[in-house]
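# Working through the structure, step by step
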Amino acid sequence: MKRKYIIGLIIVVLLALIIFKLASNKKTLDKKNQPSQDSVVRIPVKVAVAKEQLQALNLIKTGTLAPFKEAKVLSTTGGTIQQLRFELGDHVNEGQILALMDTRLAQLDLQKAQTNAAKLHRDLETYTELLQGQAATQEKVNDIQQNYLDAVNQVNQVKKQISDAAIKAPTSGTISEKLVEQGVFANAGTQIATIVNLSQAKVQINLTEAEVYQVKQGQAVKITTDVNPDDVFNGEISFISPQADETHNYKVEVMAGNKEGNPLRSGTFVYADFSRKTTQNILLIPRDALTQGVKDASVYVVENNAVHQKQVKTGIELNGMIQIMSGLKAGEVVVTSGQINLKDGAQVSISK
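Below, the structure is looked at part by part. Keep in mind the model is a prediction, meaning the values are calculated, not measured. (Residues numbered from 1 in each chain as written. Predicted model: local features only at pLDDT ≥ 70, side-chain atom pairs only at ≥ 80, totals over all residues. Heavy atoms only, no water.)

### Looking at the overall build of the chain
Regarding its fold elements, the chain presents four helices and 19 strands. Counting across all 352 residues of the chain, residues that qualify as buried make up 32%. Across the chain, the fraction of contacts at a sequence separation of at least 24, relative to all contacts at a separation of at least 6, is 72%. Total accessible area on the chain stands at roughly 22,600 Å², and carbon and sulfur atoms take up 51% of it. (Helix = DSSP H or I, 4+ residues; strand = E, 2+ residues; numbered from the N terminus. Buried < 20%, exposed > 50% of the residue type's maximum accessible area, 1.4 Å probe, protein only. Contact = heavy atoms within 4.5 Å. Areas by Shrake-Rupley, 256 points an atom, 1.4 Å probe, with all protein chains shown as cover.)

### Structural notes on helix 2 (residues 104-132)
For the α-helix, the turn length of 3.6 residues means that residues three or four positions removed from each other point alike. The end-to-end C-alpha distance of helix 2 is 43 Å, a good match for the 42 Å that 29 residues give at a rise of 1.5 Å each. If you check which residues of helix 2 are buried, you get Ala106, Leu110, Ala113, Ala117, Leu120 and Leu124. Elements that come into contact with the buried residues of helix 2 comprise helix 3 (138-164). At the C-terminal side of helix 2, Gln134 shows a positive phi close to 60°. (Expected span 1.5 Å × (residues − 1).)

### Some remarks on the pairing of strand 5 (residues 97-101)
In terms of burial, strand 5 is largely enclosed, as four of its five residues are buried. Summarising the sheet, strand 3 (residues 79-84) and strand 5 pair through three bridges and their orientation is antiparallel. Among the inter-strand pairings, Leu84 is bridged to a residue of strand 5, identified as Ala99. Here strand 5 runs beside strand 6 (residues 166-168); their pairing, made up of three bridges, is antiparallel. Along strand 6, the bridge assignment pairs Ala99 with Ile167. (Pairing = 2+ DSSP bridges.)

### Details of the side chain of Asn197
Tracing the sequence through the fold places Asn197 in strand 9 (residues 191-207). Every residue in contact with Asn197, bar those within four places of it in the chain, is listed here: Pro67, Phe68, Lys69, Thr171, Ser172 and Gly173.

### Concerning the sheet that holds strand 19 (residues 348-350)
Pairing in this open sheet of five strands is mixed, and the strands run 15-14-18-1-19 from one edge to the other. Each of the sheet's edge strands pairs with one partner strand only, and the pair in question is strand 15 (306-311) and strand 19. For this sheet, the mean angle separating the axes of adjacent strands, direction not counted, is 50°. Where strand 14 (residues 298-303) and strand 15 come together, six bridges link them in antiparallel fashion. By the bridge assignment, Ser298 is partnered in strand 15 with Gln311. (Axes fitted to C-alpha atoms, helices over the stretch in contact; angles between N-to-C directions.)

### Examining the pairing of strand 11 (residues 233-240)
When strand 10 (residues 220-225) meets strand 11, the two strands line up antiparallel, connected through four bridges. Pairing of Lys222 across the sheet is with Asn234, part of strand 11. As judged from the five bridges shared by strand 11 and strand 12 (residues 250-257), these two strands associate in the antiparallel manner. Bridge pairing links Ile240 to Val252 in strand 12.

### Some thoughts on the nonpolar core
With 20 residues, the main nonpolar core has Ile223 and Phe274 as its most contacted residues. Going through the elements one at a time, strand 2 (51-74), strand 9, strand 10, strand 11, strand 12 and strand 13 (269-286) are the ones with two or more residues in this core. The contacts of Phe274, once residues within four sequence positions are left out, are Leu59, Lys61, Ile205, Leu207, Val215, Gln219, Ala220, Val221 and Ile237. Within the second largest apolar cluster, 17 residues are counted, among which are Val92, Ile175, Ala186 and Ile192. (Core = buried A, V, L, I, M, F, W, Y, C linked by side-chain atoms within 4.5 Å.)

### Focus: the sheet that holds strand 5
Hydrogen bonds between backbone atoms are what pair the strands of a sheet, whose relative direction is either parallel or antiparallel. Ordered by their spatial adjacency, four strands build an open sheet running 6-5-3-8, and the pairing between neighbours is antiparallel. Each edge of the open sheet is held by one strand with a lone partner, namely strand 6 and strand 8 (185-186). Pairing geometry for strand 3 and strand 8, over two bridges, is antiparallel. Residue pairing in the sheet places Thr80 in a bridge with Phe185 of strand 8.

### Here's the deal with the pattern of salt bridges
Counted according to the given criterion, the structure contains eight salt bridges. As a salt-bridge pair, Glu87 and Lys178 come within 3.0 Å of each other at their nearest N and O atoms. Of this pair, Glu87 sits in the loop between strand 3 and strand 4 (91-92) while Lys178 sits in strand 7 (residues 173-178); the two residues are 91 residues apart in sequence, bridging distant segments of the chain. On the basis of relative accessibility, which here comes to 44%, the residue Glu87 falls in the partly exposed class. Using a relative accessible area of 21% as the deciding quantity, one classes Lys178 as partly exposed. The partner of Lys310 in a salt bridge is Glu332, with the nearest N and O atoms 2.8 Å apart. Of the two residues, Lys310 sits in strand 15 while Glu332 sits in the loop between strand 17 (321-326) and strand 18 (333-337), which places them 22 residues apart along the sequence. (Salt bridge = Lys/Arg side-chain N within 4 Å of Asp/Glu carboxyl O.)

What follows is the structure in structure tokens.
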């Protein structure tokens, strides 16, 4: 009996040791399989804080060119386009015939209306003579006279339709759009072309509240472009909006004389130099923070030891710093060194 008790106790002890060993091994394996907090690779970077600074700046703004005049050429009557007298890029003068509509049916209607008007005119003369001899009533003469006037109006309406079949240029300029071809049918009001007049260039600019009070209508402005930086176009302010838009900017238009051959084209980005200095509170970051060129700029912003790429719109450069027009806020931290190793969401460590 005593021997059986000892053997049972030994078996229990052995089982306990086996269970303990298995639990210990599992704990060791779990620790090995668990990712280490220290295994995350942090890329060392240098950073700077976006700060607002008060700067005295020359008032030079970017804007876009719009045509001095832009007009749509519309058909004033429906019909088949019999002749098309222009091509893309042609220079046309105001009043020049650009297209002719088919008027053969209208010509037949005109002949019919003229014949009817002539008959009623003869009837009116006949009944007027009869009225003088008291062989007709005044009421009959009045009816014929009204019918004759209606017939004359009908003749004039058909003549107007035939005249409208000649589509004329509403302004002088260059054909920038050709929307139809000869032989197609066009309803009244169909646009057949667009004419732009670039004899003068209209520059559209947005000024801030601080800037708009420093300019006045009629003020001289110098216009330059990146395409032809040596060419200077002289203009003057033709319009200042009395009301700001939703972004608190004021629309300003500058009329500039275009040179021979119209080198300035609609849609071109230009610089307008108002020859004034203005003091502005602008947002600046180091130029080195940009990951791409100025025209397609972006930066890496650090948040909670991770970076996120943001697109930004840049302005002027000042001693290694660059103005940020939009995309960043004051106080945000941007990467200035180490961007080549970064991607969106990467973990970083800030080095001094």
